[in-house]
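# Residue-level structural notes
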Amino acid sequence: MNLHFSRRPAFRALIALGLSFLALSGAQGQTPVKVSLNAPFDGSNAAFFLAQEKGYFAAEGLAVSMDPSGGSGEAVTRIGSGAYDFGFADVNVLMDFNAKNPASAGKAVYMLYYRSPLSVASFAKAGIDKPADLVGKKLGGALTDGAYKLFPAYANLTGLKSDAVKWEYGDLRLREAMLLKGDVDAILGFDSTMYFGLVRQGIKPTDIKFLYYSDAGMDIYGNAIVASRKILTNPALVKGFVNAVAKGWRDTLANPSAAIAALKKQTPLIDEKLELEKLQWLIKNQIVTAESKADGMGGVRKDRIEKSVALLTKAFQLPGTPTAADLITDAFLPAADVRKLP
């Protein structure tokens with residue numbers, strides 16, 4: 001009898017140890033996912049950190065790590081190599097990559113920018129008011145950036161010859177510095193990134209001018225969540241990731257300040273006010289459009305994406321016959337209430 005009771009505490013301890021091990025195994029059982037963002041950590045990607053802070057990735061069983069990048073070109077190359085599972089990148093850069101690297105082609109799985117922010121920025125004193133004014137000018141660009149990757153398409157549409165401009169290359173983070181120092185006459189990139197980079201340096205908003213690619217007839221979509229070819233073989237994981245990201249953006253649209261607060265925890269030295277203004281700019285100019293208001297986030301309209309693919313296929317002189325289905329899928333879209341704009 002005494003022997004029976006003396007073993008009971010040890011048995012209970014063994015059960016407790018087993019349950020603790022199972023709980024620990026469950027926590028450690030989250031699937032690691034690597035994400036390449038669109039740029040250095042800033043207001044444009046703050047929503048991803050809000051999604052992480054709110055536990056949306058963890059709820060889907062994902063342990064997500066996010067890295068900054070030198071732009072859409074780098075983000076797309078990273079998923080193409082298989083080193084990263086997802087990226088936040090320009091779908092038009094993805095299209096160019098896919099056509100030239102079909103064996104490594106990824107797909108867009110959640111649209112975010114319904115108006116492309118690609119543009120040429122200059123100071124008013126440069127007198128660049130139309131595409132023809134770029135002839136003979138020196139442009140600054142980052143080789144990995146979407147604006148540089150798509151400039152040939154812009155030039156083709158506007159009648160610029162390939163040798164009509166001169167180039168100065170630099171890191172994405174040094175682009176505004178080139179313009180400020182007078183090394184170039186204009187720079188390429190996202191309107192918000194360049195605008196706030198220049199304003200941060202004391203440039204008056206009225207002194208900054210933009211030539212938008214969209215004004216040249218490039219009615220194209222912009223950045224989306226893009227998935228690697230490899231990760232697309234795991235549809236449950238892709239669906240879970242997209243659902244978590246969509247919730248992060250939903251919450252960001254409702255409360256941009258919360259996203260910036262989450263970003264600051266990741267990068268404490270940011271200028272919160274400036275990054276909030278940048279995020280609000282993106283929401284107003286790239287995300288909230290008549291299309292996204294009517295349809296919700298994530299998807300695209302068939303006629304518009306098909307026209308965009310045809311336009312860029314010609315402008316890029318891409319091999320084969322790329323289709324919209326090669327570029328984007330709506331198979332992983334979350335429920336309508338998650339995608340609805342607030």
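Residues numbered from 1 in each chain as written. Predicted model: local features only at pLDDT ≥ 70, side-chain atom pairs only at ≥ 80, totals over all residues. Heavy atoms only, no water.

In this section: the environment of Glu168. Within the fold, Glu168 resides in strand E7 (residues 166–169). Its relative accessible area of 30% is what places Glu168 among the partly exposed residues. For the pair formed by Glu168 and Gly140, sequence separation is 28 residues and the distance between their alpha carbons is 4.8 Å. The residues touching Glu168, leaving out its near neighbours within four places in the chain, are Lys138, Leu139, Gly140, Gly141, Met178 and Val184. (Helix = DSSP H or I, 4+ residues; strand = E, 2+ residues; numbered from the N terminus. Buried < 20%, exposed > 50% of the residue type's maximum accessible area, 1.4 Å probe, protein only. Contact = heavy atoms within 4.5 Å.)

The strand order E2-E1-E3-E10-E4 describes an open sheet built from five strands, whose pairing is mixed. Here the strands that pair on one side only, and so sit at the sheet edges, are strand E2 (62–67) and strand E4 (107–111). When strand polarity is set aside, the average angle formed by the axes of neighbouring strands in this sheet is 30°. Sheet analysis places strand E1 (residues 31–36) next to strand E3 (residues 86–90), joined by two bridges and oriented parallel. Each bridged residue has a counterpart across the sheet, and for Val35 the counterpart in E3 is Phe86. Against the sheet, helix H2 (residues 46–53) engages E2, E3 and strand E10 (223–227), with an angle of about 155° to E2. (Pairing = 2+ DSSP bridges. Axes fitted to C-alpha atoms, helices over the stretch in contact; angles between N-to-C directions.)

Okay, the nonpolar core next. Where a protein is soluble and globular, its nonpolar side chains tend to be buried together. By size, the foremost hydrophobic cluster in this structure holds 96 residues, and its most contacted members are Phe86, Leu134, Phe151, Tyr213, Ile225, Phe241 and Trp249. Counting 15 residues, the second-largest nonpolar core is a separate cluster that includes Phe123, Leu198, Ile208 and Trp281. (Core = buried A, V, L, I, M, F, W, Y, C linked by side-chain atoms within 4.5 Å.)

Attention now goes to empty space enclosed by the protein. What the rule picks out here adds up to two cavities of 30 Å³ or more. Considering only enclosed or pocket space, the largest cavity measures out at about 90 Å³ in volume. Lining the largest cavity, in full, are Asn38, Ala39, Gly71, Ser72, Asp145, Leu172, Arg175, Phe190 and Thr193. Of the residues belonging to the lining of the largest cavity, the class tally is three nonpolar, four polar and two charged. In this structure, the second largest cavity occupies an estimated 30 Å³ of space. Every residue along the wall of the second largest cavity is listed here: Tyr110, Ala246, Trp249, Arg250, Leu253, Met297, Val338, Arg339 and Lys340. Secondary-structure elements contributing two or more residues to the lining of the second largest cavity are helix H9 (235–254) and helix H15 (336–339). (1 Å grid on protein atoms, 1.4 Å probe; cavity = no way out; pocket = protein on both sides within 12 Å on 5 of 7 lines; lining within 4 Å. Points joined across faces, edges and corners; volume = space filled by probe spheres on them. Nonpolar A, V, L, I, M, F, W, Y, C, P; charged D, E, K, R; others polar.)

Picture the strands of a sheet paired through backbone hydrogen bonds; they go either parallel or antiparallel. Spatial ordering of the open sheet is given by E7-E6-E8-E5-E9, a layout of five strands whose pairing is mixed. One side of each edge strand has no neighbouring strand; the edge strands of this open sheet are E7 and strand E9 (208–212). Each adjacent strand pair in this sheet contributes to an overall mean axis angle of 30°, direction not counted. When strand E5 (residues 118–123) meets E9, the two strands line up antiparallel, connected through five bridges. When the sheet's bridge partners are listed, Val120 is paired in E9 with Leu211.

In terms of residue burial, helix H5 (residues 91–100) counts as a mostly covered element, since nine of its ten residues are buried. Val91, Asn92, Val93, Leu94, Met95, Asp96, Phe97, Asn98 and Ala99 are the residues of H5 that are buried.

Before going further, it helps to spend a moment on the packing of aromatic side chains. Enumeration according to the criterion identifies 19 aromatic pairs in this entry. Geometrically, the ring pair formed by Phe57 and Phe241 is stacked, given 5.5 Å between the ring centres and 15° between the ring planes. In this pair, Phe57 is assigned in helix H3 (residues 56–59) and Phe241 in helix H9, connecting sequence segments 184 residues apart. Phe241 matches Phe57 in its accessibility class, with the two residues each being buried. On the basis of relative accessible area, Phe241 is assigned to the buried category, the value being 1%. Here the aromatic residues Tyr148, Phe151, Tyr154, Trp167, Tyr169 and Tyr213 are joined through ring pairs into a cluster of three or more. (Phe/Tyr/Trp six-rings, centres within 6.5 Å; stacked < 30°, edge-to-face > 60°.)

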